[in-house]
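Reading the structure
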Amino acid sequence: MSISPKRLKEIQNIPDAAIDTSDIPELDEQFWETAKMVKPITKKAISIRLDSDVLEWFQQQGKGYQSMMNNVLRSYINHQQKL
């Protein structure tokens, strides 16, 4: 989802008191009993040699192709760990 800079500025300028949070449930003890800390995964810049046709295919998928490559690799790792 993308948001225009103009709309983002409009949202940022909404005072907290004007935000309706009535449909957001309170966080009770039950929530905190099952809550888990999730640390963000940091990215690391590397150099990698790929077959040109593989790289071209991912690039043809458009913007975000590097993230897509990362997701494919993560999916493979997750599959291997389940074996």
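Everything here concerns the structure above.
In short, a report on the structure. Source: prediction; values computed, not measured.

Calculation rules
- Residues numbered from 1 in each chain as written.
- Predicted model: local features only at pLDDT ≥ 70, side-chain atom pairs only at ≥ 80, totals over all residues.
- Heavy atoms only, no water.
- Phe/Tyr/Trp six-rings, centres within 6.5 Å; stacked < 30°, edge-to-face > 60°.
- Buried < 20%, exposed > 50% of the residue type's maximum accessible area, 1.4 Å probe, protein only.
- Salt bridge = Lys/Arg side-chain N within 4 Å of Asp/Glu carboxyl O.
- Helix = DSSP H or I, 4+ residues; strand = E, 2+ residues; numbered from the N terminus.
- Axes fitted to C-alpha atoms, helices over the stretch in contact; angles between N-to-C directions.
- Left-handed = near helix turned anticlockwise from the far one by under 90°.
- Contact = heavy atoms within 4.5 Å.
- Nonpolar A, V, L, I, M, F, W, Y, C, P; charged D, E, K, R; others polar.

Another point: the packing of aromatic side chains. What characterises a pair of aromatic rings is the spacing of the ring centres plus the angle enclosed by the ring planes. Across all of its chains, the model carries two aromatic pairs by this definition. Ring centres of W57 and F58 lie 5.0 Å apart, and the angle between their planes is 90°; on these two criteria the pair is classed as edge-to-face. Relative accessible area serves as the criterion here: at 45%, W57 is assigned to the partly exposed category. Since its relative accessible area comes to 10%, F58 is described here as buried.

On to the pattern of salt bridges, then. Inspection of every chain in the model, using the stated rule, returns one salt bridge. A salt bridge links R7 to E10; the nearest nitrogen and oxygen atoms lie 3.1 Å apart. Taken as a pair, R7 and E10 lie in helix 1 (residues 5–12) at a separation of three residues, close to a single helical turn. The partly exposed category is assigned to R7, whose relative accessible area is 41%.

Now for the packing of helix 3 (residues 52–60) against helix 4 (residues 65–82). In contact at an axis separation of 8 Å, helix 3 and helix 4 are set at 115° when each is read in the N-to-C sense. Between helix 3 and helix 4 lies a crossing whose hand is right-handed. Along the contact surface, helix 3 presents L55, W57, F58 and Q59, while helix 4 presents Y65, M68, M69 and V72. For the contact of helix 3 with helix 4, the per-class residue count stands at seven nonpolar, one polar and no charged.

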